[in-house]
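# Close look at the chain arrangement
Listed below are the residues making up each chain.
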Protein chains: 2
Amino acid sequence: MAASDVLVVAGTHGNELNAPWLLEQWNRQPDLINSAGLSIQRLVGNPQAKAAMRRYVDRDLNRSFRVDLLEQSGGDLEMRRARELLGRYGPRGDEPCSVVLDLHSTTAAMGCSLVLYGRRPADLALAALVQSALGLPIYLHESDSAQTGFLVERWPCGLVVEVGPVPQGVLEARIVRQTRLAIEACFEALASVRSGVVRLPRQVVVHRHLGSCDVPRGESDQPQALVHQRLQGRDWVPFKPLDAIFEAADGSTVETPQMEHQSIPVFINEAAYAEKHIAFSLTRREVWTMEPQWLDHLSELLS
Amino acid sequence: MAASDVLVVAGTHGNELNAPWLLEQWNRQPDLINSAGLSIQRLVGNPQAKAAMRRYVDRDLNRSFRVDLLEQSGGDLEMRRARELLGRYGPRGDEPCSVVLDLHSTTAAMGCSLVLYGRRPADLALAALVQSALGLPIYLHESDSAQTGFLVERWPCGLVVEVGPVPQGVLEARIVRQTRLAIEACFEALASVRSGVVRLPRQVVVHRHLGSCDVPRGESDQPQALVHQRLQGRDWVPFKPLDAIFEAADGSTVETPQMEHQSIPVFINEAAYAEKHIAFSLTRREVWTMEPQWLDHLSELLS
């Protein structure tokens, strides 16, 4: 039996201000978010980065939960913070939590979405219930060896809530509101699973990660073109043949390999991904039939 | 006679990437921007801040051109940089430039606008010509003792070009395009003044700065509410009585003093102004009749 049902983490990236602000307001006003009878732990993921208003101090905390890094001792600030969080709230920690919600924001026009890392039944069950309540899109991140070590992977069940568009360093009421609704929907879903009355929806729609594209770069790694202004803000909209992808400084369209028909871009022009050489990621929309027993995995965690 | 007609400064703030990228592309492709026969100097205002992807290193460079700071010796990075820029390209510098264009971006939904500091005839003449060509709004910043020391004030004529919305740290084709068009319109206006064929428009529309508003803050300076989601993105739209201004974390509207009827907000939720305790600034729209002799001030500078 876990000490708490849910760990809510905000500010895993220090320049994403909305979720930490919401948690602070929640501390002052305990009925701000309905926890649906669940026991909740909440914290700021990377307080040092938040104080510095930067994504991270030494390395991206949300890429620091790789097993090889966690097994080392010492290391930089985020490596130590990852171990500290797991040691305290992880499944074998001092105050273990069953489920983790990791709250993020993006500069991309994604709206509110759920991000899953891999195909764990408990994650899929929770995400499907929230999708059925709020209609949020689900981005299934998997099979990308360049992007690993996400926080939620180290808990037996965990989702990222990703809300945008909002610039880094900006508090925006709409982002706070969408974050609050997503948290409450997760709590309600988990409470309904515990109460045993819930059924899974028959289907879940996922956007499965296929890979990422970068802008064309020249020597010295400088972009030679930018995301085309007709693509900017078109997250979740399937590519059509001949869609313009990149635009040069004079406004001309740059010839690029055609995107796979009906592949769907996400995280278009996310500020933090420029350094990762990602202009956008590509997904494929798939409708999966849920297996009823996926719910059992989640139910067991909450028993 | 100045050594160059125009100094174009990009990256006065190190996390505003679009104008520096445009200048770099212009270096590689000299016909990217039509300089209309003018001699141009161009540079990155704060290269150290740009390398660090921060607005500034020690202090805001665009508040460091105060006479009292410029008359000191030593000081922090931006104080020294301000003196260096003036010593080289200022009106009494080694390579003096007549007019300065300082290129900025904002997270606020301002579109492309021109910012003037005070009512200098040459600035007004240039801004009126560009407004007449492109229709851009003009924000006249004056009489605000809390905001002084702007770069353009130290040249005999100078405008800020401000383009948004774009998150800090993001390159966006639309922002680059609008910046490019504004630069070219300034060059064309200046060239037409030099050629002596131009007449001023009879009128210019300015949005005169009245002051700034902050979000409500509690102890420890934390915001207690945010810009209301119905106000977000409504830059340049006049306030009406009973307009909602701020929103609490639970989505409720916070009671605030009514804004003056027909006052017009700008820089709504600009990321960099949170630390200056500015949630938005207020302006009043005024239509001014141009004095024909204002053109002479600009014409003299270019002779």
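Residues numbered from 1 in each chain as written. Chains lettered and ligands numbered in written order. Predicted model: local features only at pLDDT ≥ 70, side-chain atom pairs only at ≥ 80, totals over all residues. Heavy atoms only, no water.

Residue and element names in this part refer to chain A. Examined at the domain level, chain A breaks down into domain 1 (4-206 + 289-301) and domain 2 (213-282). Across the boundary between the two partners, domain 1 contributes 15 residues, which contact 15 residues of domain 2. Between domain 1 and domain 2 lies a buried interface of about 1300 Å² when both sides are counted; carbon and sulfur atoms form 56% of it. Between the two partners, domain 1 and domain 2, sit one salt bridge. The tally of links between domain 1 and domain 2 comes to eight residue pairs in polar contact (both at pLDDT 80 or more). Along the lines of polarity and charge, the residues of the side of domain 1 that touches domain 2 split into six nonpolar, five polar and four charged. (Domains from an automatic or database assignment. Contact = heavy atoms within 4.5 Å. Buried area = accessible area lost by both parts, 1.4 Å probe. Salt bridge = Lys/Arg side-chain N within 4 Å of Asp/Glu carboxyl O. Polar contact = N/O pair within 3.5 Å; in protein donor to acceptor, adjacent residues only side chain to side chain. Nonpolar A, V, L, I, M, F, W, Y, C, P; charged D, E, K, R; others polar.)

Our next topic: the layout of surface pockets. One water molecule sets the probe size; rolling that probe over the atoms shows where empty space is left. Taken as a whole, the second largest pocket holds about 370 Å³ of empty space. Around the second largest pocket, the lining comprises 24 residues; the ones closest to its centre are Thr 107 and Pro 165 of chain A together with Pro 165, Pro 167 and Glu 172 of chain B. (1 Å grid on protein atoms, 1.4 Å probe; cavity = no way out; pocket = protein on both sides within 12 Å on 5 of 7 lines; lining within 4 Å. Points joined across faces, edges and corners; volume = space filled by probe spheres on them.)

With that settled, the discussion passes to the packing of aromatic side chains. All names here are of chain B. As enumerated under the stated definition, the model contains 14 aromatic pairs over all chains in all. Seen from their ring centres, Tyr 117 and Phe 150 are 4.1 Å apart, and the 25° between their planes marks the pair as stacked. Here Phe 150 lies in the loop between β5 (138-141) and β6 (157-164) and Tyr 117 lies in strand β4 (residues 111-117), a separation of 33 residues in the sequence. A relative accessible area of 11% places Tyr 117 in the buried class. For the pair Tyr 139 and Phe 267, a centre-to-centre distance of 5.7 Å together with 55° between the ring planes defines the contact as tilted. Of this pair, Tyr 139 sits in strand β5 while Phe 267 sits in the loop between β11 (264-266) and β12 (280-289), and the two are 128 residues apart along the sequence. (Phe/Tyr/Trp six-rings, centres within 6.5 Å; stacked < 30°, edge-to-face > 60°. Helix = DSSP H or I, 4+ residues; strand = E, 2+ residues; numbered from the N terminus. Buried < 20%, exposed > 50% of the residue type's maximum accessible area, 1.4 Å probe, protein only.)

Contacts between the two partners involve 35 residues from chain B, matched on the other side by 35 residues from chain A. For the pair chain B and chain A, the summed buried surface comes to about 3000 Å²; carbon and sulfur atoms form 53% of the total. At the junction of chain B and chain A, the tally comes to two salt bridges. Linking chain B with chain A are 12 residue pairs in polar contact (both at pLDDT 80 or more), by the criterion used here. Contributing elements (two or more residues each) for the side of chain B that touches chain A: α1 (18-28), α6 (173-195) and β8 (226-227) of chain B. Its residues placed into classes, the side of chain B that touches chain A shows 14 nonpolar, 13 polar and eight charged.

Residue and element names in this part refer to chain A. Following both chains from N to C, one finds helix α5 (residues 121-134) and helix α7 (residues 294-301) inclined at 95°, their axes separated by 7 Å at the closest point. Compared by their axis directions, α5 and α7 come out roughly perpendicular. Contact residues: α5 offers Pro 121, Ala 122, Leu 124, Ala 125, Leu 126 and Leu 129, while α7 offers Trp 294, Leu 295, His 297, Leu 298 and Leu 301. For the contact of α5 with α7, the per-class residue count stands at 10 nonpolar, one polar and no charged. (Axes fitted to C-alpha atoms, helices over the stretch in contact; angles between N-to-C directions. Parallel < 35°, antiparallel > 145°, perpendicular 65-115°, else oblique.)

Leu 103, Leu 126, Phe 187 and Leu 298 of chain B are the most contacted members of the largest nonpolar core, which has 61 residues in total. Tallying contributions element by element places α6 of chain B first for this core, with 12 residues. Leu 103, Ile 138 and Ala 189 of chain A together with Ala 249 of chain B belong to the second-largest nonpolar core, a separate cluster that totals 60 residues. (Core = buried A, V, L, I, M, F, W, Y, C linked by side-chain atoms within 4.5 Å.)

Residues and elements named next belong to chain A. Taking 1.5 Å of rise per residue, 13 residues should cover 18 Å, and helix α4 (residues 77-89) covers 18 Å from first to last C-alpha, within 8% of that figure. Residues Leu 77, Glu 78, Met 79, Arg 81, Ala 82, Arg 83, Leu 85, Leu 86 and Tyr 89 constitute the buried set of α4. On its buried face, α4 sits against β1 (4-10), β2 (40-44), α2 (47-51), α3 (67-71) and β3 (97-105). (Expected span 1.5 Å × (residues − 1).)

Before going further, it helps to examine the relation of the copies chain B and chain A. The two chain copies are connected by a rotation around an axis plus a translation along it. Superposing chain B onto chain A takes a rotation of 180° plus a shift of 0.0 Å along the axis, which leaves an RMSD of 0.0 Å. These values place the two chain copies in the arrangement generated by a two-fold rotation axis. The rotation axis passes nearest to the C-alpha of Pro 167 of chain B in chain B, at a distance of 2.2 Å. (Least-squares fit on C-alpha atoms with pLDDT ≥ 70 in both.)

Here the focus is the pairing of strand β4 (residues 111-117) of chain A. Residue and element names in this part refer to chain A. Among the seven residues of β4, six are classified as buried, and the element is accordingly described as predominantly covered. By the bridge criterion, five bridges tie β4 to strand β6 (residues 157-164) in an arrangement that is antiparallel. For Ser 113, the partnering residue across the bridge sits in β6 and is Glu 162. For β4 and strand β5 (residues 138-141), the ladder comprises four bridges, and the chain directions are parallel. Paired with Val 115 across the bridge in β5 is Tyr 139. The parallel pair β4 and β5, bridged by α5, forms a crossover whose chirality is right-handed. (Pairing = 2+ DSSP bridges. Right-handed = clockwise from strand over helix to strand, strands pointing away.)

Quick look at the sheet that holds strand β10 (residues 253-254) of chain B now. All names here are of chain B. Read from one edge to the other, the open sheet built from three strands follows the order β8-β9-β10, with strand pairing classed as antiparallel. The open sheet has two edge strands with one neighbour each: β8 and β10. Pairing between strand β9 (residues 246-247) and β10: two bridges, direction antiparallel. Residue pairing in the sheet places Glu 247 in a bridge with Thr 253 of β10.

Residue and element names in this part refer to chain A. The UniProt entry lists His 13, Glu 16 and His 104 under the feature "binding site: Zn(2+)", expressed in the numbering used here. For the annotated residues, spread through 92 residues, the largest C-alpha to C-alpha distance comes to 7.5 Å, consistent with a single compact locus. In this fold, His 13 is placed in the loop between β1 and α1 (18-28). With residues up to four places along the chain from it excluded, the contact list for His 13 reads Arg 54, Arg 55, Asp 60, Asn 62 and His 104. Take Glu 16: it is sitting in the loop between β1 and α1. Glu 16 sits in the buried class, given a relative accessible area of 7%. Filtering out sequence-adjacent residues up to four positions away, Glu 16 remains in contact with Gly 11, Arg 55, His 104 and Ser 105. (UniProt positions renumbered as here; feature names shortened; annotations may be inferred.)

This part takes up the pairing of strand β2 (residues 40-44) of chain B. Every regular strand shows the same layout, with side chains that alternate between the two sheet faces. All names here are of chain B. With burial as the criterion, only one face of β2 is covered, namely that bearing Gln 41 and Leu 43; the residues Ile 40, Arg 42 and Val 44 on the opposite face remain uncovered. Direction of pairing for strand β1 (residues 4-10) relative to β2: parallel, over a ladder of five bridges. By the bridge assignment for β2, Ala 10 is matched with Val 44. Handedness of the β-α-β unit built from β1, α1 and β2 comes out right-handed.

Quick look at the UniProt feature "binding site: substrate" in chain A now. Residue and element names in this part refer to chain A. Using the residue numbers shown here, the UniProt feature "binding site: substrate" corresponds to Arg 55, Asn 62, Arg 63, Glu 162 and Tyr 273. With respect to the helices and strands, the residue Arg 63 is situated in the loop between α2 and α3. Overall, Arg 63 belongs to the buried group, its relative accessible area being 10%. Setting aside anything within four residues of it in sequence, one finds Arg 63 in contact with Arg 55, Leu 69, Gln 147, Thr 148, Gly 149, Phe 150, Tyr 273 and Lys 276.

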